[in-house]
Amino acid sequence: MHFSFFNKKLVTFIAKLYNLKVMIKPKILLSRCFNEPVRYNGSSVLDKVVEKLKPFIDPVYVCPEVEIGLGIPRSKIILIKEKNRKKFFQVETGKDLTVKFLEFINQLKPILEKVEGAILKSRSPSCGVGSTKLYYNGVIIGKTDGLLAESIKLNFPELPLEDEERLKNPEIYHHFLVRIFSLAEWKNFLKNASPSKLVSFHNSYKFLLKTYNKELFKKLEHLVVKKDLDLKEKLLLYESLFKKAISKKPSKIQHLNTLYYLANYFTRKLNSKEKRYILNLLKKFKRNQIRLETLLSVFKNLAFRFEDNYLLSQKYLQPFPEVLY
Ligand code: SF4
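What you see is a predicted model; the values in this text were computed from it and never measured.

### Re the domain arrangement of the protein
Part 1 of the argument: Segmenting the protein into domains produces domain 1 (5–168) and domain 2 (174–325).
Part 2 of the argument: A separation of 31 Å is found between the C-alpha centroids of domain 1 and domain 2.
Part 3 of the argument: Opposite the 15 residues of domain 1 that make contact, domain 2 presents 14 residues.
Part 4 of the argument: Residues belonging to the side of domain 1 that touches domain 2 are distributed by class as follows: 9 nonpolar, 1 polar and 5 charged.

### Some words on the environment of Glu51
Part 1 of the argument: Along the polypeptide, Glu51 turns up in helix α2 (residues 48–53).
Part 2 of the argument: Under the C-beta neighbour-count criterion, Glu51 is labelled exposed, with 11 such atoms within 10 Å.
Part 3 of the argument: Distance in space between the C-alpha atoms of Glu51 and Leu231 is 39 Å, their sequence separation being 180 residues.

### Things to note about the environment of Pro26
Part 1 of the argument: Along the chain, Pro26 turns up in the loop between α1 (5–17) and β1 (27–31).
Part 2 of the argument: Since 23 C-beta atoms lie within 10 Å of it, Pro26 is described here as buried.
Part 3 of the argument: The sequence separation of Pro26 and Phe181 amounts to 155 residues, and the corresponding C-alpha distance is 5.9 Å.
Part 4 of the argument: Ignoring any residue separated from it by four or fewer positions in sequence, one finds Pro26 in contact with Ile57, Asp58, Glu116, Gly117, Ile180, Phe181, Leu183 and Ala184.

### What to know about the site of the ligand
Part 1 of the argument: Taken together, Ser31, Arg32, Cys33, Val38, Arg39, Cys63, Pro64, Glu65, Lys121, Ser124, Ser126 and Cys127 make up all the residues around the ligand.
Part 2 of the argument: Of the residues in the shell around the ligand, the class split is 5 nonpolar, 3 polar and 4 charged.

### Describing the nonpolar core
Part 1 of the argument: In terms of nonpolar packing, the biggest core is built from 66 residues, with Ile28, Ala118, Ala245 and Phe299 touching the most fellow members.
Part 2 of the argument: Examining the composition of this core, we find that 9 residues originate from one element, helix α6 (residues 170–190), more than from any other.
Part 3 of the argument: Three or more residues apiece are contributed to this core by two domains, here domain 1 (5–168) and domain 2 (174–325).
Part 4 of the argument: Not counting the four nearest positions on each side in its chain, Ala118 is found in contact with Ile28, Leu29, Ile152, Leu159 and Leu161.

Quick notes on the rules
All residue numbers refer to positions counted from 1 along the written sequence of the respective chain. Given that the model is predicted, a residue must reach a pLDDT of at least 70 before its local features are reported, and side-chain atom pairs must reach 80 or more before they are shown or counted; all residues, however, enter totals for whole chains, interfaces and linings. A domain assignment, automatic or from a database, supplies the domain bounds used here. Once C-beta atoms have been placed from the backbone, residue pairs whose C-beta atoms lie within 7 Å are recorded as contacts. Classes in brief: Ala, Val, Leu, Ile, Met, Phe, Trp, Tyr, Cys and Pro nonpolar; Asp, Glu, Lys and Arg charged; the others, Gly included, polar. Only DSSP runs of H or I with at least four residues qualify as helices, and only runs of E with at least two residues qualify as strands; both kinds are numbered from the N terminus onward. With C-beta atoms placed from the backbone, the exposure class of a residue follows from how many other C-beta atoms lie within 10 Å of its own: 20 or more, buried; 12 or fewer, exposed; in between, partly exposed. Nearness rests on one distance test: the residue's C-beta atom, set from the backbone, must lie within 6 Å of the molecule or strand. Think of a nonpolar core as buried Ala, Val, Leu, Ile, Met, Phe, Trp, Tyr and Cys residues, each tied to the set through C-beta atoms within 7 Å.

Printed below as a string of structure tokens:
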């Protein structure tokens, strides 16, 4: 897999600039055309969201079409619907490259096992996530996943996977970042795991897990204090429930339950103007007039003001670096 040395140096420089030495960076598979001119027409893609994320992640760039030996530039590929499969077809040469492509995806599996997420280029027959044109008898019959995205969904269903277009939606963006940074934290925790550290890890995710999935949160609560399991078994089980718990984007109501709880938590410490201000913000969030991050910052500020270390330790209040809000 290709990884540009220059880019690595640039990322390190930016990270230093933002004083990010202690930050845990999620390892993310990125379509290589976000970094280099490897597209079929010899161009690259400059995407605002991806550029913003780059200094905060550890990118692994891959271009399946270049990896299987198609040159740059190359003639266009399309996906054609055949009975039970999709054909990866190069129109100009008449080549069916499906088998070659699937062989490459198999080689990619060890890398996919190591990453916390993937951001792929939309609309591509290889990379698109639900946005690629599907042809049948020379006519477009709908949108589908590119072959790489399809394989990720099939073989790594819990791996956070988005394309740059979907990440423009603030809710999808927030959820994706929560997942990749939480998974990176988990991986980092595993390096020195111990029963007491598992309790601390779990405690810091309490509000977040409770918001995302109450049922699995309760299971995780029980699991952490369970005595008849050794640490290895516990960690395996915890990991699978944790990944599942954060896999689904919570609804506005789920967030509001937690946010109202936080408002009540501070209620005795605030004056009437402050209370009114916060209730007003909650109403605005309900009506989609402000973003979740605004409220998270307000509550985090209150936690600082009242030196509430328990709340300050909650990942829900800052699940990823604030500069990415
Ligand atoms: S979309 Fe995927 S296959 Fe196409 S150029 Fe980008 S990385 Fe390569």
